[in-house]
Amino acid sequence: MALTDVFISPAGAGDNSGSSIANALPAISSGDWSTNIEGLDRANKRFVFLEGTYNVTTKLTFTGSAPTDEQPNQWVGAKSDGTILRPKFDETGLRLDLTNYPLFVCSANVQMINTEEYSFYKCLSFENTNASYSQGSIIEATSGDVDGQMWLGCNFKAAPADNSATVFLALSTQMSMCVFEATTKQYAEILEVRTNSNIRDCRIIGGGDSSPTGGNGDGVTATAFSSNIEGCVIANVHGDGFFMNTTSNRQNPVANNCTIINCGANGIDASNITSNQANVTGVIDGTIIFNCAGKGIKADAADDRQNGAQLLAMGSNGANFENLDSYEDMIDVVAITTADFVDYASNDFRIRRDSVLYKFFGTHNFGAIQNEDFEFTSVS
């Protein structure tokens, strides 16, 4: 059975039934969520959010029928004419092109949406603009609401001002082509990953890699038994790029074909795993680890089973490895410099066509950003 479309806009129009674009349901009333949207049934519905800005100060909590595994709920962004959006990155590959995106802006220090299981989200932007932001996630994520949840091409942005703040918490969640950004240097981590989430082709961006205000400042903190971070850029954080915050045995974190760049601490830090039964590097082949003040990859001295990595690109780190013992000799490190990037100083981390990293693997470059086979240059 096809999902029933409900058209939603910031202001609404017509009879506000949501049955068509002309009669789009108003999501906002008197500067906050409208009771019209709070009472919506979500089972077997597709919410089509039309472009515009949705300004709120409280958390949206639904009272109608909840989605199920057989009757899911989908949220999609659309142009004003109802054309459903598809995600794409900007020219640099670092941020999403947010043209025509519905923008949800929360000006209070609260989470703006109570998410649910069996819900799917595509091409939406969520931003908390409160100067005292201290939340564990821009939108709510609880262990009871995570089954069958997926996010595609969504943007999350906040200005954390608390040592324990997090921009987004992923719980058993599939994330693809999403951007998570902290514009300050005071947070615990930008993205926290729990319970076997898959994070693919995403961007995790901090406010800078030096002179932090506070907090651990990690890009991604993973507490799951097995965490997959693939094809992602983690950049400009004042802590670790990817921190394994668990002491469990047999960890197998994956950080495959990632670009981990400009970190105030380590690129990948698995030193919290102290068991000699742990596999702390998992699979990280094809990854770039560049300009990390600490180590490229750091393990604990008690851990002697660092298997999984054979081919990395590294440069300008405090040191490439710590406590990887004889496994360091197994890893083929391709040396890189700022000259390998299109415009490193301007955060354009695409690989230059004349770099050894370009199309190294035949169909793709080292790192996360796969630029075109040509580059335009100005002609005077």
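Above: the structure in question.
Residues numbered from 1 in each chain as written. Predicted model: local features only at pLDDT ≥ 70, side-chain atom pairs only at ≥ 80, totals over all residues. Heavy atoms only, no water.

Novice: How should the sheet that holds strand β5 (residues 45–50) be read in this particular structure?
Specialist: Consider a sheet: its strands pair through backbone hydrogen bonds, and that pairing is either parallel or antiparallel. Reading across the sheet, the nine strands line up as β2-β1-β5-β7-β9-β11-β14-β17-β20 and stay open at both edges, with parallel pairing between neighbours. Among the strands making up the open sheet, the edge pair consists of β2 (25–26) and β20 (228–230). Sheet topology places strand β1 (residues 4–9) next to β2; two bridges connect them, and they run parallel. Counterpart to S9 in the pairing with β2 is P26. (Pairing = 2+ DSSP bridges. Helix = DSSP H or I, 4+ residues; strand = E, 2+ residues; numbered from the N terminus.)

Novice: Please explain the packing of aromatic side chains as it appears in this structure.
Specialist: Going through the model one piece at a time under the given rule, you end up with 28 aromatic pairs. Its end group placed over the ring of F89, R203 keeps NZ or CZ at 4.3 Å from the ring centre. (Phe/Tyr/Trp six-rings, centres within 6.5 Å; stacked < 30°, edge-to-face > 60°. Lys NZ or Arg CZ within 6 Å of the ring centre and 35° of its normal.)

Novice: Sorry, what's going on with the sheet that holds strand β22 (residues 242–244) here?
Specialist: In spatial order, the strands read β13-β16-β19-β22-β24-β26-β28; together these seven strands make up an open sheet with parallel pairing. Among the strands making up the open sheet, the edge pair consists of β13 (166–171) and β28 (319–322). Pairing analysis gives three bridges linking strand β19 (residues 218–222) to β22, with the strands arranged parallel. Across the sheet, residue T221 finds its bridge partner in β22, namely F243.

Novice: Quick question: what am I supposed to make of the side chain of E192 here?
Specialist: With respect to the secondary-structure elements, E192 resides in strand β16 (residues 189–194). Assessed through its relative accessible area of 12%, E192 is described here as buried. Apart from residues lying up to four places away in sequence, E192 is in contact with T166, F168, L169, A170, T221 and T223. (Buried < 20%, exposed > 50% of the residue type's maximum accessible area, 1.4 Å probe, protein only. Contact = heavy atoms within 4.5 Å.)

Novice: I would appreciate a short explanation of the environment of F89 in the present structure.
Specialist: Relative to the helices and strands, F89 resides in the loop between β7 (73–78) and β8 (102–106). Taking C-alpha positions, F89 is 8.1 Å from M177, a pair spaced 88 residues apart along the chain. The contacts of F89, once residues within four sequence positions are left out, are R95, L96, D97, M177, V179, D201 and R203.

Read these as spatial facts, not as claims about activity.
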